[in-house]
Amino acid sequence: MLQDFLSTIPLKTLKHVKDMDLNISSDNCTKAVNELLQSSVLVGGKRLRPLLTYLVGHLYGVDFKTLDPYARSIELVHAASLSHDDVIDNATTRRGVPSINIQASNKKAVLAGDYLLSDVIVSLTRAGNLELVGEMAKVIQDLAIGEWIQSDAIETRQYTSALIEEIAIKKTASVMSWCCFAPAILADIDRSTVEKSRQMGIDLGIAFQLMDDTLDFSEESQKDANLDLDNELVNSVIFQWLCFHPAEFEKYKNGESLSKLYTGDKIEKAVEVVRDAANKHIESARNLLEEIEKDLCSNDKELKAFQKNKKPILYIFDYLTQRRH
């Protein structure tokens, strides 16, 4: 599947993403901060978010040079969120290497993440599109609010399916929506089409988070095994598992440790429910992409080009629902 996906992407685009410079070159950034980031949250990774930004931009006719600061910024914001999450989650590994909090300390991990966020705002301000500066500020707000809501839920234990989705929207979909919204703004297309592009990203983000929740239960994953369980965090899979065990759900609400209640019974069924939900969001994203195609293509030439450029995006849709690591 990966080879099929890569074959749909122009080599120039793949090389551009691979060669993206994520070094923090600001005069205010010390060598120690940059080295820590380069050995932890900025090492490896699929760079899916900047790739998606470039692919959507290509779909709308936006060139690399225009997209560069916006594609780079979303990867740095993602890295900042990883830096903070590793502290909050007491993580020990990230992408198969020691997590940033293990390599340095909780304090330095938080400070490094904060520096990345400030660097993004400075860089976007220099790029000149003030609407997108504001939109990125909202993304950063959503990430913080999503983490706060999740923290409250861990304490109150009052989980609902609506709350699970709200956390996914704030923590993951806000980032993915940027990848689809920013190129549409830069392309200066009709506002209604811009909003369809934004919603496509939201659907992608929710699907991505739902599938990510299943990775604790995949032998192929490089995530800490059962990290959410250890942190008493109810993700979408664990929530479904609790719904299949009402008695255990009541015990959990009354203060019983989740790790003690969890037996693994019916977890495959819970994983299946979550994957089905992810597929529904992907289907919604596909429908929005078809609507965008109708909005933008008024002749056969435009239609042919659009259909060619949307192929790698469709493969991303497939990848999100089939990923196992």
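Residues numbered from 1 in each chain as written. Predicted model: local features only at pLDDT ≥ 70, side-chain atom pairs only at ≥ 80, totals over all residues. Heavy atoms only, no water.

## A closer look at the overall build of the chain
Argument step 1. Counting its secondary structure elements, the chain contains 16 helices and 2 strands.
Argument step 2. Computed over its C-alpha atoms, the radius of gyration of the chain comes to 20 Å, within 12% of the 20 Å expected for a compact globule of 325 residues.
Argument step 3. Principal-axis analysis of the C-alpha atoms places the extent of the chain at approximately 60 × 45 × 35 Å.
Argument step 4. By residue count, 51% of the 325 residues in the chain fall in the buried class.
Argument step 5. Taking the intrachain contacts of the chain between residues at least 6 apart in sequence as the baseline, contacts between residues at least 24 apart amount to 73%.
Argument step 6. When the accessible surface of the chain is split by element, carbon and sulfur atoms take 51% of a total near 15600 Å². (Helix = DSSP H or I, 4+ residues; strand = E, 2+ residues; numbered from the N terminus. Rg over C-alpha atoms; globule rule 2.2 N^0.38 Å. Buried < 20%, exposed > 50% of the residue type's maximum accessible area, 1.4 Å probe, protein only. Contact = heavy atoms within 4.5 Å. Areas by Shrake-Rupley, 256 points an atom, 1.4 Å probe, with all protein chains shown as cover.)

## Side note on the confidence of the model for the chain
Argument step 1. For the chain, per-residue confidence averages 89 on the pLDDT scale, and residues scoring 70 or more make up 93% of the total.
Argument step 2. When pLDDT is averaged over each element of the chain, helix α9 (residues 161-187) comes out on top at 97 and helix α1 (residues 2-7) at the bottom at 64. (pLDDT = per-residue confidence, 0-100.)

## Things to note about unusual backbone geometry
For residues that are not glycine, phi is negative in most cases, and the peptide bond is trans in most cases.
Argument step 1. Positive phi outside glycine occurs at asparagine 90, with the angle close to 55°.
Argument step 2. Inspection of the secondary structure assignment puts asparagine 90 in the loop between α5 (64-88) and β1 (93-94).
Argument step 3. Despite not being glycine, arginine 157 shows a phi value in the positive range, around 65°.
Argument step 4. Positionally, arginine 157 belongs in the loop between α8 (130-156) and α9.
Argument step 5. The exposure class assigned to arginine 157 is buried, which follows from its relative accessible area of 14%.

## Description of α5
Argument step 1. With 25 residues, α5 should cover 36 Å at 1.5 Å per step; its first-to-last C-alpha distance of 35 Å lies within 8% of that length.
Argument step 2. Judged by how many residues are buried, α5 sits mostly within the fold: 20 of 25 residues are covered.
Argument step 3. If you check the start of α5, you find a side-chain oxygen 3.3 Å away from the backbone N of lysine 65, and it comes from aspartate 63.
Argument step 4. Directly beyond the C-terminal end of α5, a positive phi value near 55° is found at asparagine 90. (Expected span 1.5 Å × (residues − 1). Polar contact = N/O pair within 3.5 Å; in protein donor to acceptor, adjacent residues only side chain to side chain.)

## A look at the nonpolar core
Argument step 1. Core analysis: the largest hydrophobic core is formed by 97 residues, its most contacted members being Met136 and Trp178.
Argument step 2. The element best represented in this core is α9, accounting for 13 residues.
Argument step 3. Residue contacts for methionine 136: discarding those within four places in its chain leaves Ser73, Ile74, Val77, Val120, Ile121, Leu124 and Trp178. (Core = buried A, V, L, I, M, F, W, Y, C linked by side-chain atoms within 4.5 Å.)

## Some points on the pattern of salt bridges
Argument step 1. A full pass over the atoms with the stated rule returns 16 salt bridges.
Argument step 2. Its salt-bridge partner being arginine 286, residue aspartate 318 comes within 2.4 Å of it at the nearest N-O pair. Here the residue aspartate 318 occupies a position in helix α16 (residues 300-322), and arginine 286 occupies one in helix α15 (residues 267-296), the gap between them amounting to 32 residues.
Argument step 3. One network of salt bridges, with partners in common, ties together Glu131, Glu135, Lys138, Arg191, Glu195 and Arg198. (Salt bridge = Lys/Arg side-chain N within 4 Å of Asp/Glu carboxyl O.)

## Digging into the side chain of threonine 214
Argument step 1. By the element assignment, threonine 214 lies in the loop between α10 (191-213) and α11 (227-230).
Argument step 2. Dropping the residues within four chain positions of it, threonine 214 is found in contact with Val237, Val271, Val274 and Arg275.

## Concerning helix α12 (residues 236-243)
Argument step 1. Among the 8 residues that make up α12, 7 are buried, leaving the element largely enclosed by the rest of the structure.
Argument step 2. Residues of α12 that are buried include every one of Ser236, Val237, Ile238, Phe239, Gln240, Trp241 and Leu242, and no others.
Argument step 3. The inward-facing, buried residues of α12 contact α9, α10, α11, α13 (246-253), α14 (258-261) and α15.
Argument step 4. Residue asparagine 235 occupies the N-cap position of α12, its side-chain oxygen lying 3.0 Å from the main-chain nitrogen of valine 237.

## Let's talk about the packing of α10 against α15
Argument step 1. The geometry of α10 relative to α15 is characterised by a closest axis approach of 8 Å and an angle of 160° between their N-to-C directions. The orientation of α10 relative to α15 falls into the category roughly antiparallel. Between α10 and α15 the crossing geometry is left-handed.
Argument step 2. Considering only residue class, the contact of α10 with α15 consists of 15 nonpolar, 5 polar and 5 charged. (Axes fitted to C-alpha atoms, helices over the stretch in contact; angles between N-to-C directions. Parallel < 35°, antiparallel > 145°, perpendicular 65-115°, else oblique. Left-handed = near helix turned anticlockwise from the far one by under 90°. Nonpolar A, V, L, I, M, F, W, Y, C, P; charged D, E, K, R; others polar.)

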